[in-house]
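For reference, the chains in residue letters:
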Amino acid sequence: MRKKGWIIYNGNLYTTKFSEQVEWLKRTATAYNFDMEAIPNNQLLVTVENGQSKLLTEKTLPDFVFFWDKDLVLARQLEQLGVRLFNSARTIEISDDKALTTTALADHGIAMPKTIMAPKVFLQLEDDRHLQQVINSLGFPMILKECFGSFGEQVYFVEDEQSLRQKARELANKPFLFQEYLQSSYGRDIRLHVVGDKVVASMLRKAENDFRANVTAGGKMYPYEPTSLEKELAVTCSQLIGADFAGVDILFGEHDEPVICEINSNAHFKNIFDCTGIDITMDMMSYIKEQIG
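Given the structure is predicted, the values throughout are model-derived calculations rather than measurements.

> What exactly am I supposed to notice about the packing of aromatic side chains here?
How two aromatic rings sit relative to each other is given by the distance of their centres and the angle of their planes. Applying the stated criterion across every chain yields a total of 13 aromatic pairs. When the ring of F64 is compared with that of F86, the centres are 6.1 Å apart and the planes differ by 80°; the resulting orientation is edge-to-face. Of this pair, F64 sits in strand β5 (residues 64–67) while F86 sits in strand β6 (residues 84–86), and the two are 22 residues apart along the sequence. For the pair shown, F64 and F86 are each scored as buried. F86 gets classed as buried once you look at its relative accessible area, which sits at 1%. Pairwise contacts between aromatic rings join F34, F64, F66, F86, F245 and Y287 into one cluster. Taking the ring centre of Y156 as reference, the NZ or CZ of K167 above it sits at 4.0 Å. The side chain of R188 reaches across the aromatic face of F252, ending 4.0 Å from its centre.

Pasting the structure below:
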């Protein structure tokens, strides 16, 4: 029998950039003999009725879900109903929150930039004395990152104390972190796509006039052959957060040693295909077929 699957995507983010990748996933799934349906998250409402949580839909549950969104309530409800998600709700939650990612990787011998979590603030920042501790620890320049953000956005380069205090006040009601700036990785990083326990594709991203290497921020892509150490680091980080597949971003340390930047559970695959010609949707669907039988 053909296995039935859903691709869950965000119904309010269905731009061409997203829709062409959803259709791409459907085509690949068909090639692997899956009966695949793409469903926006806003057509699968989670509700509570008679004290029981349920989905407000008449659809028969699938054998698995390719969860290409960050709607954690929906993801958890599907898991409660016994549906296998690729990736799991917990994996999506960790990778979507840079603070959770950092703490999940801590104490495992993973090389990361020195990071300080911003304390929670209510309403507005009244007491900023902790910023002196941050300055003493990280110096300038430093990086501020909102815990929730994509495509290199919500990441800020801070050069002095005045800018730091101003940006900390602007971000007061948002979770964010302070991070060591690695001059050695200015405008360059590598993206490694991990499926299961293998790196299946990788690229170098470089920007001439921006500390961020993200393609959306103006970076250019180049095929890249990762070292065994870089591949090992990417797979280890992916597995530490329980990912079935992930896009792992790695920075260059002072001696070009790999330093983990972040993990993306919903990594886009068009750029890596345009850069390398590798269709990682084939690897992902092959992996799913192995997992569900």
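> Got a minute to help me understand the pairing of strand β11 (residues 188–195) in this structure?
Two faces belong to every sheet, and in a regular strand the side chains alternate between them. Within β11, 7 of the 8 residues are buried, which leaves it mostly tucked inside the rest of the structure. Across 8 bridges, β11 lies against strand β12 (residues 198–206) in antiparallel orientation. Paired with V195 across the bridge in β12 is K198. The turn joining β11 and β12, which pair antiparallel and follow one another in sequence, is formed by 2 residues; a positive phi near 65° is taken by G196. Taken together, the 6 bridges between β11 and strand β14 (residues 245–252) define a ladder with antiparallel strand orientation. Counterpart to V195 in the pairing with β14 is F245.

> So what exactly am I meant to see when it comes to unusual backbone geometry here?
Glycine aside, a negative phi is what most residues show, and trans is what most peptide bonds show. Of the consecutive residues F86 and N87, the connecting peptide bond is found in the cis state with omega at 0°. Looking at the element boundaries, N87 is found in the loop between β6 and α3 (89–96). Of the consecutive residues F140 and P141, the connecting peptide bond is found in the cis state with omega at -5°. When you line up the elements, P141 lands in the loop between α5 (130–138) and β8 (142–146). The phi dihedral of N33 falls on the positive side, at around 65°, and the residue is not glycine. Looking at where N33 falls in the secondary structure, it is placed in the loop between α1 (16–31) and β2 (34–40). Given the relative accessible area of 41%, N33 is considered partly exposed. Even without a glycine there, the phi angle at D107 is positive, about 70°. Structurally, D107 is set in the loop between α4 (98–105) and β7 (115–117). A residue is classified by how much of its surface remains accessible, and D107, at 82% relative accessible area, is exposed.

> In this structure, what is going on with the packing of helix α2 (residues 72–80) against α3? I would like to understand it.
In helix packing, the relevant descriptors are the interaxial angle and the interaxial distance, both defined with respect to the helix axes. Running from N to C, α2 and α3 cross one another at 160°; their axes reach a closest spacing of 9 Å. Relative to α3, the element α2 is oriented roughly antiparallel. Within the contact between the two elements, α2 uses L72, A75, R76 and E79 and α3 uses A89, I92 and E93. Of the residues in the contact of α2 with α3, the class split is 4 nonpolar, no polar and 3 charged.

> Looking at this structure, how should I read the pattern of salt bridges?
Working definition: two side chains of opposite charge can pair if their charged atoms are close together. One pass over the structure, following the stated rule, counts 20 salt bridges. Here E93 and R90 are joined by a salt bridge, their closest N and O atoms 2.8 Å apart. Pair noted here: E93 and R90 are both in helix α3, with a separation of 3 residues, about one helical turn. On the accessibility criterion, R90 (48% relative accessible area) is partly exposed. A salt bridge links D197 to K198; the nearest nitrogen and oxygen atoms lie 3.4 Å apart. Classification of K198 as exposed rests on a relative accessible area of 53%. One continuous salt-bridge network, built from bridges that share partners, spans D128, E161, R165 and R169.

Here is what the cut-offs are and how they apply
Residues numbered from 1 in each chain as written. Predicted model: local features only at pLDDT ≥ 70, side-chain atom pairs only at ≥ 80, totals over all residues. Heavy atoms only, no water. Phe/Tyr/Trp six-rings, centres within 6.5 Å; stacked < 30°, edge-to-face > 60°. Helix = DSSP H or I, 4+ residues; strand = E, 2+ residues; numbered from the N terminus. Buried < 20%, exposed > 50% of the residue type's maximum accessible area, 1.4 Å probe, protein only. Lys NZ or Arg CZ within 6 Å of the ring centre and 35° of its normal. Pairing = 2+ DSSP bridges. Axes fitted to C-alpha atoms, helices over the stretch in contact; angles between N-to-C directions. Parallel < 35°, antiparallel > 145°, perpendicular 65-115°, else oblique. Contact = heavy atoms within 4.5 Å. Nonpolar A, V, L, I, M, F, W, Y, C, P; charged D, E, K, R; others polar. Salt bridge = Lys/Arg side-chain N within 4 Å of Asp/Glu carboxyl O.

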